[in-house]
Amino acid sequence: MEKTFLMVKPDGVQRNLIGEIVNRFERKGFKLVGAKLMVISENLAKNHYAEHKERPFFGELVEFITSGPVFAMVWEGHDVIPTAREMMGKTNPLEAAPGTIRGDFGVTVGKNVIHGSDSSESAEREIALFFNESETTSYEKQD
Ligand code: CMP
């Protein structure tokens, strides 16, 4: 079964949006198979966002994502990677449709509430960066 990595960013945690966000994915029909509240180290942040290291906003991005607790999650379900991206909305909240997470709660492109893997390769990489195998479970046998 497909898995993705989703993370409520420091702005979302601070604004008490964890429950709202978890609720949306649960109601959609996906299964939460791993979760933890954590403060990301600078090393982990740089590794997670390595593909953006040449971008002018990289420093700001690392500073923001390490600025407070995040809620890191692994979700499982049919086509969960693209479906979660649709539910999150476009990266820039200005362009994100109402009804999407960023459309409903996001304000700026930096503080855009949630991160989600954009491909199966990213999902595999990001899950492995944030979670040990013993920290995730599976509901596959209960479907
Ligand atoms: P995310 O999906 O976590 O992946 C990379 C992040 O970079 C993205 O969400 C945005 O929050 C952030 N980002 C993209 N463009 C900018 C920008 N111009 N300034 C600051 N952050 C940005």
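Shown above is the structure to which this text applies.
Residues numbered from 1 in each chain as written. Predicted model: local features only at pLDDT ≥ 70, side-chain atom pairs only at ≥ 80, totals over all residues. Heavy atoms only, no water.

Undergrad: Describe the overall build of the protein, listing the residues and the values that go with them.
TA: Helix and strand content of the protein: seven helices and four strands. Beginning at the N terminus, the succession of helices and strands in the protein can be written as β-α-α-β-α-α-β-α-α-β-α. Relative to the globule expectation of 15 Å for 143 residues, the C-alpha radius of gyration of the protein, 14 Å, shows essentially globular dimensions. Based on the C-alpha atoms only, the size of the protein along its principal axes is roughly 45 × 35 × 25 Å. Residues counted as buried form 46% of the 143 residues belonging to the protein. In the form shown here, the protein has an accessible surface area of approximately 7,900 Å², with 48% of it arising from carbon and sulfur atoms. (Helix = DSSP H or I, 4+ residues; strand = E, 2+ residues; numbered from the N terminus. Rg over C-alpha atoms; globule rule 2.2 N^0.38 Å. Buried < 20%, exposed > 50% of the residue type's maximum accessible area, 1.4 Å probe, protein only. Areas by Shrake-Rupley, 256 points an atom, 1.4 Å probe, with all protein chains shown as cover.)

Undergrad: Which residues make up the layout of surface pockets, and what values do they have?
TA: Taken as a whole, the largest pocket spans an internal volume of roughly 520 Å³. Considering the residues around the largest pocket, the lining is formed by 23 residues, among which Lys9, Tyr49, His52, Leu61 and Thr91 are closest to the centre. The set of elements that each furnish at least two residues to the lining of the largest pocket consists of helix H4 (58–65), helix H5 (80–88), strand E4 (114–116) and helix H7 (120–130). Here the residues of the lining of the largest pocket sort into seven nonpolar, eight polar and eight charged. (1 Å grid on protein atoms, 1.4 Å probe; cavity = no way out; pocket = protein on both sides within 12 Å on 5 of 7 lines; lining within 4 Å. Points joined across faces, edges and corners; volume = space filled by probe spheres on them. Nonpolar A, V, L, I, M, F, W, Y, C, P; charged D, E, K, R; others polar.)

Undergrad: Run through the pattern of salt bridges, naming residues and quoting values.
TA: Throughout the structure, instances matching the rule amount to five salt bridges. Notably, a salt bridge pairs Glu76 with Lys3, separated by 3.2 Å at the nearest N-O pair. Note that Glu76 is positioned in strand E3 (residues 70–76) and Lys3 in strand E1 (residues 3–8), a separation of 73 residues in sequence. Taking relative accessible area as the criterion, Glu76 reaches 3% and is therefore assigned buried. Lys36 is paired through a salt bridge with Glu135; the nearest N and O atoms lie 3.0 Å apart. With Lys36 in strand E2 (residues 31–38) and Glu135 in the segment after H7, the pair connects residues that are 99 residues apart, well separated along the chain. Judged by relative accessible area, Lys36 falls into the partly exposed class, the value being 22%. The structure contains a network of salt bridges with shared partners spanning Glu20, Arg24 and Asp104. (Salt bridge = Lys/Arg side-chain N within 4 Å of Asp/Glu carboxyl O.)

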